[in-house]
Amino acid sequence: MSRTVYVNGDYLPEEEATISIFDRGFLMADGVYEVTSVLGGKLIDFEGHAARLARSLAELDMVAPISHEDLLAAHRELVAKNDIDNGLVYLQVTRGSAGDRDFAFPDPETVPGTVVMFTQSKPDLLESAVATTGIRVISVPDLRWHRRDIKTVQLLYPSMGKMAAKAAGAGDAWFVEDGKVTEGTSNNAYIVKGSKIVTRELSNDILHGITRSAVLRYAAEAQMEVEERAFTISEAQSADEAFVTSATTFVTPVIEVDGAALGDGTPGPVAKRLRELYIEESLKTAV
Ligand code: PDD
């Protein structure tokens, strides 16, 4: 069945939605995005995603082409129009189209940004197989640009990382830079040693995950010990457990790093507890 999608204020059947071939998102990857999960028809962590969108736009000197209220209204409208129970809303904002190709940014007064949104239905979002089995990860060098804190649509290298993982029979790849893990291709990375959760500190080296921030808050509230620092692959391989977080996977256990099984090779208790906590708590603030 055809979805209803959102393009610059209009709700259209997906076959009728169009964007200029001169759009800078298409020509220059000059755009940012957000992915917000939907559980039981409600948006998870919407405020966090909206705040990060505003930050990404500001860091790139882009003018927000949609107000906070309209953004929330459009998310809700799309969820309703597409009858999404569990799934996600994808949002992309680009610097628009100046009607030609030019490296220089167009004047935002005359060239408005492009806003596109669509939904994806994922009935098994909560009961995904990997939540129970965990995933194996491989490491790959982090060859991305150095502003990973901005959620841009430059996803070619992360896609290549996913393909390398697939070719190796793994579920995902962790990026490594200067001997330390930065993050997963589309998630933040954690290890657990004893009762301590270790994850890289915030900087321009990683995306400031909205799920990361919520999970660390819930972990602290549950008196779990958290250390924010970078870790190596060999430290991960000798950890008791590991996991990743993102808006679409919540907390997903990692059971193997570069061929080395962690603990007894099955998902660990900390990842399981944090997944339960995250889902339970974020449902309370779902809108
Ligand atoms: N990815 N790091 C990277 C590189 C990411 O692409 C993502 C999210 C995260 C986790 O951020 P959050 O918890 O705010 O989802 C970390 C999204 C889900 C995606 O590209 O589909």
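Heads up: these notes are all about the structure in this document.

**Considering the overall build of the protein**
Here's step 1: When its secondary structure is counted, the protein shows eight helices and 15 strands.
Here's step 2: Scaling as 2.2 N^0.38, a compact globule of 287 residues should have a C-alpha radius of gyration of about 19 Å, and the protein matches this with 19 Å.
Here's step 3: By principal-axis analysis of the C-alpha atoms, the protein measures approximately 55 × 40 × 35 Å.
Here's step 4: The proportion of buried residues among the 287 residues of the protein is 49%.
Here's step 5: Carbon and sulfur atoms form 54% of the exposed surface of the protein, whose accessible area is close to 13,300 Å².

**Details of the sheet that holds strand β4 (residues 42-43)**
Here's step 1: If you walk across this open sheet you meet the six strands as β2-β1-β6-β5-β3-β4, and the pairing is antiparallel. Of all strands in the sheet, those with a lone pairing partner are β2 (10-13) and β4, marking the two edges.
Here's step 2: In terms of strand pairing, strand β3 (residues 31-39) meets strand β5 (residues 87-94) through eight bridges, oriented antiparallel. Its bridge partner being in β5, Val-32 is matched across the sheet by Val-93.

**Here we look at the pairing of β3**
Here's step 1: Within β3, nine of the nine residues are buried, leaving the element largely enclosed by the surrounding structure.
Here's step 2: Where burial is concerned, the two faces of β3 agree: the one with Gly-31, Tyr-33, Val-35, Ser-37 and Leu-39 and the one with Val-32, Glu-34, Thr-36 and Val-38 are both buried.
Here's step 3: Two strands pair when backbone bridges link them, and β3 and β4 are joined in this way by two bridges, in the antiparallel orientation. Bridge assignment links Val-38 to a residue of β4, and that residue is Leu-43.
Here's step 4: Where β3 hands over to β4, the hairpin turn is made up of two residues, of which Gly-40 adopts a positive phi near 55°.

**Digging into the side chain of Thr-252**
Here's step 1: Among the secondary structure elements, Thr-252 is positioned in strand β14 (residues 250-257).
Here's step 2: Residue Thr-252 is classed as buried on the basis of its relative accessible area, which comes to 3%.
Here's step 3: A distance of 2.9 Å separates a polar atom in the side chain of Thr-252 from the backbone oxygen of Thr-249.

**Considerations on the site of the ligand**
Here's step 1: Around the ligand, the structure places 20 residues, and the nearest of them are Tyr-33, Arg-52, Glu-183, Ile-210 and Thr-211.
Here's step 2: At 2.8 Å from an oxygen atom of the ligand is found a side-chain nitrogen or oxygen belonging to Arg-52.
Here's step 3: Between the ligand and Ala-247 there is a distance of 2.8 Å, counted from an oxygen atom to a backbone nitrogen or oxygen.
Here's step 4: In isolation the ligand offers 470 Å² of accessible surface; the protein chains occlude 90% of this area.
Here's step 5: In a pocket analysis with a 2 Å cut-off to the grid points, the ligand is assigned to the largest pocket.
Here's step 6: Of all the secondary-structure elements, those providing two or more residues to the shell around the ligand are β3, α2 (46-59), β9 (180-184), α6 (210-221) and β13 (241-246).
Here's step 7: Within the shell around the ligand, the residues separate by chemical class into five nonpolar, eleven polar and four charged.
Here's step 8: In this structure, the shell around the ligand is formed jointly by two domains, domain 1 (4-121) and domain 2 (129-285), each of which donates at least three residues.

**Quick notes on the nonpolar core**
Here's step 1: Ranked by internal contacts, the top residues of the largest apolar core, which has 23 residues, are Leu-71, Val-93 and Met-117.
Here's step 2: Within the residue set of this core, elements represented by two or more residues are β3, α2, α3 (68-81), β5 and β6 (114-121).
Here's step 3: The dominant element in this core, judged by the number of residues it contributes, is α3, at five residues.
Here's step 4: Residues contacting Leu-71, with those up to four places away along its chain left out, are Phe-46, Ala-50, Leu-53, Ile-66, Leu-91 and Met-117.
Here's step 5: Counting 22 residues, the second largest nonpolar core, distinct from the first, contains Ile-44, Ala-219, Val-270 and Ile-279.

**A word on unusual backbone geometry**
Here's step 1: The backbone of Asp-45 sits at a positive phi, close to 55°, despite the residue not being glycine.
Here's step 2: Summarising the element assignment, Asp-45 is placed in the loop between β4 and α2.
Here's step 3: By relative accessible area, Asp-45 is classed as buried at 12%.
Here's step 4: Despite not being glycine, Gln-223 has its phi angle at roughly 60°, a positive value.
Here's step 5: Summarising the element assignment, Gln-223 is placed in the loop between α6 and β12 (225-228).

What counts and how
- Residues numbered from 1 in each chain as written.
- Predicted model: local features only at pLDDT ≥ 70, side-chain atom pairs only at ≥ 80, totals over all residues.
- Heavy atoms only, no water.
- Helix = DSSP H or I, 4+ residues; strand = E, 2+ residues; numbered from the N terminus.
- Rg over C-alpha atoms; globule rule 2.2 N^0.38 Å.
- Buried < 20%, exposed > 50% of the residue type's maximum accessible area, 1.4 Å probe, protein only.
- Areas by Shrake-Rupley, 256 points an atom, 1.4 Å probe, with all protein chains shown as cover.
- Pairing = 2+ DSSP bridges.
- Polar contact = N/O pair within 3.5 Å; in protein donor to acceptor, adjacent residues only side chain to side chain.
- Near = heavy atom within 4 Å.
- 1 Å grid on protein atoms, 1.4 Å probe; cavity = no way out; pocket = protein on both sides within 12 Å on 5 of 7 lines; lining within 4 Å.
- Sits in = over half its atoms within 2 Å of the grid points.
- Nonpolar A, V, L, I, M, F, W, Y, C, P; charged D, E, K, R; others polar.
- Domains from an automatic or database assignment.
- Core = buried A, V, L, I, M, F, W, Y, C linked by side-chain atoms within 4.5 Å.
- Contact = heavy atoms within 4.5 Å.

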